[in-house]
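Each chain is listed here by its residues.
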Amino acid sequence: MASGTLGDMGWELDNSYTQLPERFYTSIKPTPVRSPKLVILNDSLATALGLNVELLKKDGGVQIFAGNMVLRGSIPLAQAYAGHQFGYFTMLGDGRAVLIGEQRTPSGTRVDIQLKGSGRTPYSRRGDGRATLGPMLREYIISEAMHGLGIPTTRSLAVVTTGETVIRESELPGAVLTRVAASHLRVGTFQFAANWGNLDELRALADYTIQRHFTQAFDTDNPYLSFLREVIRRQAVLIAKWQLVGFIHGVMNTDNMSLSGETIDYGPCAFMNEYDPQTVFSSIDTGGRYAYGNQPAIGEWNLARFAETLLPLLADEEKEAIKIAENEIFKYAAIYQDSWLSGMRSKLGIFNQEAEDESLIEELLRLMEIYRADYTNTFLALTFDEFNDAPLFASDEFKHWYDRWLLRLGRQAESKAGSHQLMRNSNPALIPRNHLVEEALEKAVKNEDYDVMERLLDVLSKPFAHLPKQAAYASVPEQSSCPYRTFCGT
Ligand code: AMP
Ligand code: MG
């Protein structure tokens with residue numbers, strides 16, 4: 001490989017993570033793969049990162065995405081972290097991912113570039129360190145859909161197939177996803193530090209995280225308190241956004257909660273069709289711990305685990321530190337509720353605040369649940385004032401609610417047109433419906449036909465545009481007798 005092309009490709013990698021104590025990572029190169037092939041590249045993201053799309057598509061770029069070639073200046077590493085998985089604490093770490101570095105973008109930001117599915121690391125435990133094509137494409141589609149919906153998320157830059165098979169329940173094509181994240185610092189990274197590191201190491205990690213995501217905290221009296229407060233705020237706002245679009249993460253373990261406030265680790269996640277707070281898609285979530293309706297409370301639980309790790313930094317006296325931490329965690333519920341309520345008002349075209357709004361919203365959700373109404377399409381119907389023959393719309397209860405809503409809209413200064421515009425901007429024309437995602441994946445994995453996926457990505461990229469071509473993607477499949485199930489992408 002002629003290394004002269006590297007700079008031309010636009011890579012500007014730095015390795016600030018290696019400034020952390022060695023306990024936090026292991027330097028390790030990705031394991032090369034037999035015959036990599038680029039199957040999808042995120043052109044607009046690549047350009048935003050300062051990368052040259054044409055060169056990335058050539059062999060040099062593909063070798064990098066596959067982990068076959070290490071960029072000049074890159075110190076690839078696997079990160080150490082721990083986590084509560086379904087409530088049980090355990091040591092984890094990047095078992096099938098390698099951070100190749102941090103790209104410094106033309107806009108002056110720093111983002112992690114991580115190869116997922118890049119081979120074994122010291123944290124692999126019994127895993128093979130590999131990933132299969134279907135789940136990597138699934139992460140690509142859903143993460144890009146989330147970005148389109150305006151929800152903070154890791155992004156997907158590229159997927160390559162490896163030319164090797166991976167053994168799961170059957171032999172499947174191997175793949176590597178290039179993931180772009182504000183960082184991969186997780187609640188679990190701090191749990192690792194608190195459990196296995198000393199106080200200096202914990203402080204080094206906290207200072208590094210503040211430096212990367214919360215620099216203003218250094219200007220406050222208690223930077224670690226400001227840090228905790230801001231992590232809590234971002235997480236509350238993020239989960240409110242999930243709820244507003246009906247996104248179910250599926251595996252909200254503490255190792256899958258990013259401190260930057262981005263959605264991370266798209267495994268068994270999926271979007272809800274019919275409104276039902278009990279909705280669970282993940283095959284391993286048999287107890288419904290991560291059901292749609294539980295997500296806000298699980299967020300709070302995870303944040304309490306995070307706050308515990310910071311206790312030694314929050315105050316000299318443990319009792320005082322606990323008081324400070326509890327006081328911050330206590331605020332989570334209100335931040336979440338405010339954020340959710342304001343999002344719901346927008347979805348209903350409401351600009352100002354009235355005490356009765358919450359009951360108006362709750363009543364609509366109650367009716368949607370009773371009449372098994374599609375969550376996304378109900379708001380779409382309200383936005384365009386076009387109602388199909390769904391049982392909800394035919395009910396007297398809904399008509400009563402609708403009149404109440406119209407009266408409510410009449411009690412604000414904004415015009416009807418203003419409300420309509422707010423609703424258009426707040427209610428997506430489409431979400432990545434499970435059957436659409438499955439169809440795209442099947443064509444890609446079985447037939448190596450990426451057209452369906454490319455078209456789906458195109459319509460998902462601007463969900464608030466309400467284009468005619470998006471209408472076909474809004475229909476809901478007939479209720480199947482077998483509920484949709486998702487699996488962890490291992
Ligand atoms: P995830 O379910 O992707 O959040 O992963 C949970 C933990 O399992 C992380 O430590 C992963 O690195 C590890 N892991 C998942 N799949 C594999 C695999 N195929 N090989 C090695 N480690 C894995
Ligand atoms: Mg994970």
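Not measured: the values here are computed from a predicted model.

1. Regarding the nonpolar core
Right, on to step 1. Formed by 121 residues in total, the largest nonpolar core has its most connected members in Leu137, Val159, Leu314, Leu382 and Trp401.
Right, on to step 2. With 13 residues, the top contributor of residues to this core is helix α8 (residues 223-245).
Right, on to step 3. The residues touching Leu382, leaving out its near neighbours within four places in the chain, are Leu348, Leu364, Phe387, Phe398, Trp401, Tyr402, Trp405 and Met423.

2. Describing the pairing of strand β5 (residues 82-85)
Right, on to step 1. Bridge count for β5 against strand β6 (residues 88-91) is four bridges, and the pairing is antiparallel. Residue pairing for β6: Gln85 is matched across the bridge by Tyr88.
Right, on to step 2. Here β5 hands over to β6 after two residues, with Phe86 in that stretch at a positive phi of 50°.

3. Topic: the coordination of the magnesium ion (ligand 2)
Right, on to step 1. Each protein donor to the magnesium ion (ligand 2) is listed here as Asn256 (OD1) and Asp265 (OD); together their distances run 1.9 to 2.2 Å.
Right, on to step 2. On the basis of relative accessible area, Asn256 is assigned to the buried category, the value being 10%.
Right, on to step 3. Classification of Asp265 by relative accessible area gives buried; the value is 14%.

4. Some thoughts on the packing of helix α16 (residues 434-447) against helix α17 (residues 451-460)
Right, on to step 1. Relative orientation of the contacting elements α16 and α17 amounts to 145°, with a least axis distance of 7 Å. Residues Leu436, Val437, Glu439, Ala440 and Lys443 of α16 form the contact with α17, whose own contacting residues are Val452, Met453 and Leu456.
Right, on to step 2. Each residue belonging to the contact of α16 with α17 can be placed in one class, and the counts come to six nonpolar, no polar and two charged.

5. Things to note about the site of ligand 1
Right, on to step 1. What surrounds ligand 1 is a group of 18 residues, the closest being Gly93, Gly95, Arg125, Asp128 and Gly129.
Right, on to step 2. Between ligand 1 and Arg96, the relevant distance is 3.2 Å, taken from a nitrogen atom to a side-chain nitrogen or oxygen of the residue.
Right, on to step 3. Separating a nitrogen atom of ligand 1 from a backbone N or O atom of Arg130 is a distance of 3.3 Å.
Right, on to step 4. Out of a free accessible area of 480 Å², ligand 1 has 87% covered by protein chains.

6. Digging into the side chain of Asn253
Right, on to step 1. Counting through the fold element by element, Asn253 comes out in the loop between β12 (247-248) and β13 (270-271).
Right, on to step 2. Within the structure, the side chain of Asn253 is placed 2.8 Å from the backbone nitrogen of Phe86, a separation counted as a polar contact.
Right, on to step 3. Side-chain polar atoms of Asn253 contact the side chain of Tyr290, separated by 2.6 Å.
Right, on to step 4. Apart from the residues lying within four places of it in its own chain, the contact partners of Asn253 are His84, Gln85, Phe86, Tyr290 and Asn302.

7. Overview of the pattern of salt bridges
Right, on to step 1. With the rule as written, the count across this model stands at 31 salt bridges.
Right, on to step 2. Close ionic contact of Glu139 with Arg179 constitutes a salt bridge, the shortest N to O distance being 3.4 Å. Linking Glu139 in helix α5 (residues 133-148) with Arg179 in strand β11 (residues 171-181), this pair joins segments that are 40 residues apart in sequence. For the pair shown, Glu139 and Arg179 are each scored as buried.
Right, on to step 3. With a shortest N-O distance of 2.8 Å, Asp458 and Lys469 are connected by a salt bridge.

Parameters at a glance
- Per chain, residue numbering runs from 1 following the sequence as it is written.
- Each chain gets a letter, beginning with A, and each ligand a number, beginning with 1, in the order they are written.
- Given that this is a predicted model, residues contribute local features only at a pLDDT of at least 70 and side-chain atom pairs are listed and counted only at 80 or more, while totals for whole chains, interfaces and linings are drawn from all residues.
- Just so you know, side-chain values use all the structure's heavy atoms and leave hydrogens and water out.
- Put simply, buried Ala, Val, Leu, Ile, Met, Phe, Trp, Tyr and Cys residues joined by side-chain atoms within 4.5 Å make one nonpolar core.
- Using a 1.4 Å probe on the protein chains alone, a residue whose accessible area is under 20% of its type maximum counts as buried, one over 50% counts as exposed, and one in between counts as partly exposed.
- Segments assigned H or I by DSSP are reported as helices when at least four residues long, segments assigned E as strands when at least two residues long, and all are numbered from the N terminus.
- Only heavy atoms enter the contact rule, under which two residues are in contact if any of them lie within 4.5 Å.
- Strand pairing is defined by DSSP finding a minimum of two bridges between the two strands.
- Because water is not among the atoms used, a metal site may look incomplete, as its donors are only the N, O and S atoms within 2.8 Å, or 3.2 Å for Na, K and Ca.
- A fitted line through C-alpha atoms serves as each axis, taken over the contacting stretch for helices, and the angle formed by two N-to-C directions is quoted from 0 to 180°.
- Basically, the charged four are Asp, Glu, Lys and Arg, the nonpolar ten are Ala, Val, Leu, Ile, Met, Phe, Trp, Tyr, Cys and Pro, and anything else, Gly included, counts as polar.
- Working definition: residue near molecule or strand if any one of its non-hydrogen atoms lies within 4 Å of it.
- Whenever a nitrogen or oxygen atom comes within 3.5 Å of another N or O atom, the pair is scored as a polar contact, on the condition that within protein one atom can donate a hydrogen and the other can accept it, and that pairs from neighbouring residues in sequence are kept only if both atoms are in side chains.
- For accessible areas, the Shrake-Rupley method is used with a probe of radius 1.4 Å. Any residue's cover is judged against the shown protein chains and nothing else.
- Here a salt bridge means any side-chain nitrogen of Lys or Arg lying within 4 Å of a carboxyl oxygen belonging to Asp or Glu.

What is shown is where atoms sit, not what they do.
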